[in-house]
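Here is what each chain is made of, one letter per residue.
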Amino acid sequence: MEKQIAVLKSVGPKLLPFFKTTCIYYILWLDADKPSLFSALVKVLPVLSLCVFVLLHGLSLSHLHSYARRILAGLVFSALGDAFLIWQHIDGLYFISGMLMFAIAHVLYIASFGFRPLVLPVGGALLGVAVAMYAVLYPGLHGVYAVLVGVYVLLLWLMLWRGVARLQVLDYDVWTWTKLAACVGALLFIVSDTLLGVNKFRLPIPYHRALVMTTYYAAQLGIALSVADLKDHDITACAHDSVMSSHDVHAFKDPMMSSDGVHCSETVPNTSSHRRLHNGPCRSRKME
């Protein structure tokens, strides 16, 4: 518990830019019908802040940071998708481009979550929900949207499946709060995009923009938070290696120390019959 609290304390200050830029977005609340580069910048700033958050937790080309690299790339493509969607009312091509950027982001998130454990029952159940979701949207889909939205829905629910599967709530040794954050983030992403899809292709939803953006920013926050304990894990691993190395050094410096930590001077009986064993393996009195 102390470990989780320590990680949370270190995470808080790094998230201040995200909360500040999110507040700026809601305070300004620029007119969606008048897209501009400035409105695009204001919209993507919270996600860019999360990119900085991931970078602050350490990043390298080693396998150890492959998860963080994919999450970072997913956030970058999400920011591009946000920018394209600013102009979706002008040309449908902008909406398709934004959808493509987010689809790439979902693929990166799925690759980050991995496919172990598989947990097929969860995947089957969520696939059924995805089909139901597509069935709701289908009457409003025309032309290329019928295919694109179908593929996008499958990616959304695949992402949630992998987020739920890796959570492993019943296994205390594997479960972490950051995995829970990623799982909740994936769920909120689906809520956000479902609201957006229903409003665009089926029927208007009151306050849809506020609902979509609030759930969207919360989703990206949850997914970004999933990298928070990577650095702590590295420190723990290094500390373990240091302890093991220290043990090896002490064992080397003290040749009278046995492999099980028992000192030979205390275990070898002082008899002539046993003196011949002094240069051999240490024996405990319990073995006599």
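Let us look at the structure shown here. Predicted model only: the values in this text are computed from it and were never measured.

### Topic: the nonpolar core
- Core analysis: the biggest nonpolar cluster contains 63 residues, and F53, V54, L75, W157 and F189 have the highest contact counts within it.
- When residues of this core are assigned to their parent elements, the largest contribution, twelve residues, is made by helix 7 (residues 145-165).
- With near-sequence residues (within four places) excluded, L75 lies in contact with V47, L50, C51, V54, Y109, Q220 and A224.

### With respect to the side chain of T22
- On the secondary structure map, T22 appears in helix 2 (residues 16-28).
- Once residues lying within four places of it in the same chain are set aside, the contact partners of T22 are P46 and Y217.

### Things to note about the packing of helix 7 against helix 8 (residues 177-201)
- Helix 8 packs onto helix 7 with a crossing angle of 160° between their chain directions and a minimal axis gap of 8 Å. Considered as vectors, helix 7 and helix 8 are oriented roughly antiparallel to each other. When you trace helix 7 past helix 8, the crossing you get is left-handed. On helix 8, the residues that touch Y145, V149, Y152, L156, W157, M159, L160, G163 and V164 of helix 7 are C183, A186, L187, F189, I190, D193 and F201.

### Some details on unusual backbone geometry
- With an omega of -5°, the peptide bond running from R116 to P117 counts as cis.
- Tracing the backbone shows P117 in the loop between helix 5 (92-113) and helix 6 (120-137).
- Within the chain, W29 stands out as a residue other than glycine whose phi angle is a positive 40°.
- Take W29: it is sitting in the loop between helix 2 and helix 3 (37-56).
- Positive phi outside glycine occurs at V119, with the angle close to 50°.

About the cut-offs
- Residues numbered from 1 in each chain as written.
- Predicted model: local features only at pLDDT ≥ 70, side-chain atom pairs only at ≥ 80, totals over all residues.
- Heavy atoms only, no water.
- Core = buried A, V, L, I, M, F, W, Y, C linked by side-chain atoms within 4.5 Å.
- Buried < 20%, exposed > 50% of the residue type's maximum accessible area, 1.4 Å probe, protein only.
- Helix = DSSP H or I, 4+ residues; strand = E, 2+ residues; numbered from the N terminus.
- Contact = heavy atoms within 4.5 Å.
- Axes fitted to C-alpha atoms, helices over the stretch in contact; angles between N-to-C directions.
- Parallel < 35°, antiparallel > 145°, perpendicular 65-115°, else oblique.
- Left-handed = near helix turned anticlockwise from the far one by under 90°.

From the geometry alone we can't say anything about function, so treat these as descriptive.
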